[in-house]
Amino acid sequence: MRRRPEDECVRGVEVSASVTQPHAAPIFLSSVYRCVDTQQADAIAEQRAEGFVYRRDAHPNATMLAHKCSSIHGAAWAHVTSSGMGALAALLLAEMKAGEHLVASRQMYGRSLQLLETERVRGTCDYSLVDISNEDDVGAAMRENTRWVLAETISNPSLRVCDIRELADLAHRHQARLAIDNTFASPMLCRPLELGADVVWESASKIINGHGDVILGWLCGTDETTHRQQLGHRAELTSLSSNVAAAISTYGLASSPFDCWLALRGLATLPLRCERAVDNARRAAEMLQGHAQVLTVLYPGLANHVDHPLAQRQFGGRGGYVVTFTLQGGRAAVDQFMRAAEKLPFCPSLGDVNSTVSHPMSTSHRQLNAAAQQSLGIDGGTIRLSLGTESWDWLEEVLRAALENVSR
Ligand SMILES: *Cc1c(COP(=O)(O)O)cnc(C)c1O
């Protein structure tokens, strides 16, 4: 039958698999995939065959990125989410039920704490905040119904390092599990599953993508145990992985193929970028420490940091790519510094190829009261510097020039 031109415009194209394979990953934007018959639809739905159906459930670019995540972290499963927050949301939605409890670090990312509080108010989980570096404090907060302990490998902005091995032992002694936000460390510095954590989540919006043009998250874990769960009238075999996948699809936390494609490209240079950034951070911390305009420097790679021995052990002698320092002269000094350091953009994120600065008091920690800010070491003069991949010579020049502009 001859098709009319207007039908030709509408008709879907035959996407032929090529005999020669593309070397670089294509971008699969298709929202839906065709099945040849209902047998194939059944097989895919029952996970007896590989394949995709609907992009909110799964798509090839997310699968490629998730495979990378698993192999980097040595995980049994991994899923990609629309953001770092989406990863934590998926874990809570998959795992927490009314009447259950979790223990979390008081120094967690502000939005993560806000998510816990929102869920508490909704009645879907209860939580206690603890000083995650104090084993007694964590132990005392554990309850019969505590399911998870949540912590960050390196906290913001005081750059406290948590002892993952010790926390995992503690959680497991209480029949709870440990989930770690590893964003500030990145898998180059630390792979928490190898140290006993059960789940890791990371914001790929930061150093994993590294080019400041993606919002994405991922989470992965060790547990592939399946158990039978009653869902309405059906009994289904579920696992933590399948529960997380279901939460991502049901609550609409799925990633965009283009973001996944960009993050996969960024990931290829993560080891090189991270090595340079960590080297720059160490040099910056050492330089700032000796500067007359600088009151204090916090960097786990410096011998005077409270967690230095732990950081040395856990990160193989490296201190991370973020340095927090406090200028003499408070907020006025920070403004002078920032105006002079226009080559170090003031944008409250981290992990970009460009070095950037942030001001915790006016951005990430502005919702905290003065006492809470003070307890985290946040002063009006506190700057968080995220190091990029520039040459150290250039960075030193820019930093010194900016510090010169802070009036004495
Ligand atoms: C940015 C960040 C998040 C949230 O990630 P998004 O991709 O912005 O949702 C979570 N934890 C830490 C430590 C972060 O820095």
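For the structure, check the block above.
Residues numbered from 1 in each chain as written. Predicted model: local features only at pLDDT ≥ 70, side-chain atom pairs only at ≥ 80, totals over all residues. Heavy atoms only, no water.

Notes on the overall build of the protein chain
Selection criterion: Only DSSP runs of H or I covering at least 4 residues are called helices, and only runs of E covering at least 2 are called strands; the numbering of each starts at the N terminus. Based on C-alpha atoms, the radius of gyration is set beside the globule rule, defined as 2.2 Å times the residue count to the power 0.38. Residue exposure (1.4 Å probe, protein chains only): buried if accessible area is under 20% of the type maximum, exposed if over 50%, otherwise partly exposed. We call two residues contacting when some pair of their heavy atoms lies within 4.5 Å. Accessible areas in this description were obtained via Shrake-Rupley with a 1.4 Å probe; residue shielding takes into account the shown protein chains only.
When helices and strands are tallied, the protein chain shows 15 helices and 13 strands. Here the C-alpha radius of gyration of the protein chain, 23 Å, is about what a compact globule of 408 residues would show, namely 22 Å. A principal-axis box enclosing the C-alpha atoms of the protein chain has dimensions of 85 × 55 × 35 Å. Taken over 408 residues, the protein chain has a buried fraction of 49%. Here the analysis covers contacts within the protein chain between residues at least 6 apart in sequence; of these, 71% occur between residues at least 24 apart. With an accessible surface of roughly 20100 Å², the protein chain has 51% of that area assigned to carbon and sulfur atoms.

Focus on the packing of aromatic side chains
Note the cut-off: Centre distance within 6.5 Å is the pairing criterion for rings of Phe, Tyr and Trp, where only the six-membered ring of Trp is used; planes under 30 degrees apart are then read as stacked, over 60 as edge-to-face, and the remainder as tilted.
Applying the stated criterion across every chain, the model contains three aromatic pairs. Here Tyr33 and Phe52 contribute two aromatic rings whose centre-to-centre distance is 5.6 Å and whose plane-to-plane angle is 45 degrees, an arrangement assigned as tilted. Of the two residues, Tyr33 sits in the loop between helix H1 (5–10) and helix H2 (38–45) while Phe52 sits in the loop between H2 and helix H3 (60–73), which places them 19 residues apart along the sequence. Looking at Phe52, the relative accessible area reads 23%, which means it is partly exposed. When the centroid spacing of 6.1 Å and the interplanar angle of 15 degrees are considered together, the rings of Phe258 and Trp261 count as stacked. Taken together, the residues span about one helical turn, with Phe258 and Trp261 both in helix H10 (residues 257–268) at a distance of three residues.

Here's the deal with the sheet that holds strand E7 (residues 217–221)
For the record, the criterion: Two strands qualify as a pair provided that DSSP identifies no fewer than 2 bridges between them. Orientation is described by axes fitted as lines to C-alpha atoms, over the contacting stretch for helices, and by angles from 0 to 180 degrees between their N-to-C directions.
Pairing within the open sheet is mixed, and its seven strands lie in the order E1-E7-E6-E5-E4-E2-E3. Only two strands of the sheet have a single partner each, and these edge strands are strand E1 (77–81) and strand E3 (126–130). With direction set aside, neighbouring strand axes in the sheet form an average angle of 20 degrees. In this sheet, strand E5 (residues 177–181) lies alongside strand E4 (residues 146–152) in parallel orientation, the contact comprising five bridges. Looking at E5, one finds that Val149 is bridged to Leu178. In the packing of helix H7 (residues 164–173) onto the sheet, contacts are made with E4 and E5, and the angle to E5 comes to roughly 150 degrees.

Things to note about the environment of Ser158
Take Ser158: it is sitting in the loop between E4 and H7. Given the relative accessible area of 8%, Ser158 is considered buried. For the pair Ser158 and His305, spaced 147 residues apart in sequence, the C-alpha separation works out to 9.7 Å. Leave out the neighbours within four places in its chain, and Ser158 touches Gln107, Leu298, His305 and Leu376.

Observations concerning the site of the ligand
For clarity, the threshold we go by: It suffices for a single heavy atom of a residue to lie within 4 Å of a molecule or strand for the residue to be listed as near it. A 3.5 Å cut-off defines polar contacts: any pair of N or O atoms within that distance qualifies, except that in protein one atom must be a possible hydrogen donor and the other a possible acceptor, and neighbouring residues in sequence count only when both atoms are side-chain atoms. For this classification, Asp, Glu, Lys and Arg are treated as charged, while Ala, Val, Leu, Ile, Met, Phe, Trp, Tyr, Cys and Pro are nonpolar and the rest, including Gly, are polar.
By nearness alone, every residue bordering the ligand is listed as Ser83, Gly84, Met85, Tyr109, Asp181, Thr183, Phe184, Ser203, Ser205, Lys206, Leu216 and Leu350. At 2.9 Å, a backbone N or O of Met85 approaches an oxygen atom of the ligand. Here a nitrogen atom of the ligand sits 2.7 Å away from a polar atom, N or O, in the side chain of Asp181. For the ligand, the accessible surface in isolation is 370 Å², of which the surrounding protein chains cover 92%. Looking at the shell around the ligand residue by residue, the classes come out as five nonpolar, five polar and two charged.

Regarding the side chain of Arg273
With respect to the secondary-structure elements, Arg273 resides in helix H11 (residues 270–289). Here the side chain of Arg273 touches Asn209 through a polar contact of 3.5 Å, landing on its backbone oxygen. If we skip the residues at most four places from it in the chain, Arg273 touches Ile207, Ile208, Asn209, Gly210, His211, Gly266, Leu267, Gly351, Val353 and Thr389.

Some thoughts on the pairing of strand E2 (residues 101–105)
For clarity, the cut-off: We call a crossover right-handed when, viewed with both strands directed away from the observer, the connection leading from the first strand over the helix to the second proceeds clockwise.
Extensive coverage of E2 is indicated by the burial of five of its five residues. The side-chain alternation of E2 yields two buried faces, one formed by His101, Val103 and Ser105 and the other by Leu102 and Ala104. Taken together, E2, helix H5 (residues 110–122) and E3 constitute a β-α-β crossover, and its handedness is right-handed. The pairing of E2 with E4 spans four bridges and is classified as parallel. Counterpart to Leu102 in the pairing with E4 is Trp148.

Remarks on the pattern of salt bridges
Counted only if it meets this: Each salt bridge in this description consists of a side-chain nitrogen of Lys or Arg and a carboxyl oxygen of Asp or Glu lying within 4 Å of one another.
Counted by the stated rule, this structure contains 17 salt bridges. A salt bridge links Arg122 to Glu119; the shortest N-O distance between them is 3.1 Å. Taken together, the positions of Arg122 and Glu119, both in helix H5 and three residues apart, correspond to about one turn of that helix. The class of Arg122 is exposed, set by a relative accessible area of 53%. Residue Arg282 pairs with Asp279 through a salt bridge whose shortest N-O separation is 2.7 Å. Of this pair, Arg282 and Asp279 both sit in helix H11, three residues apart, which is roughly one turn of the helix. On the accessibility criterion, Arg282 (34% relative accessible area) is partly exposed. Note on Asp279: relative accessible area 27%, which makes it partly exposed. Members of the salt-bridge network, linked through shared partners, are Glu95, Glu100, Arg147 and Arg177.

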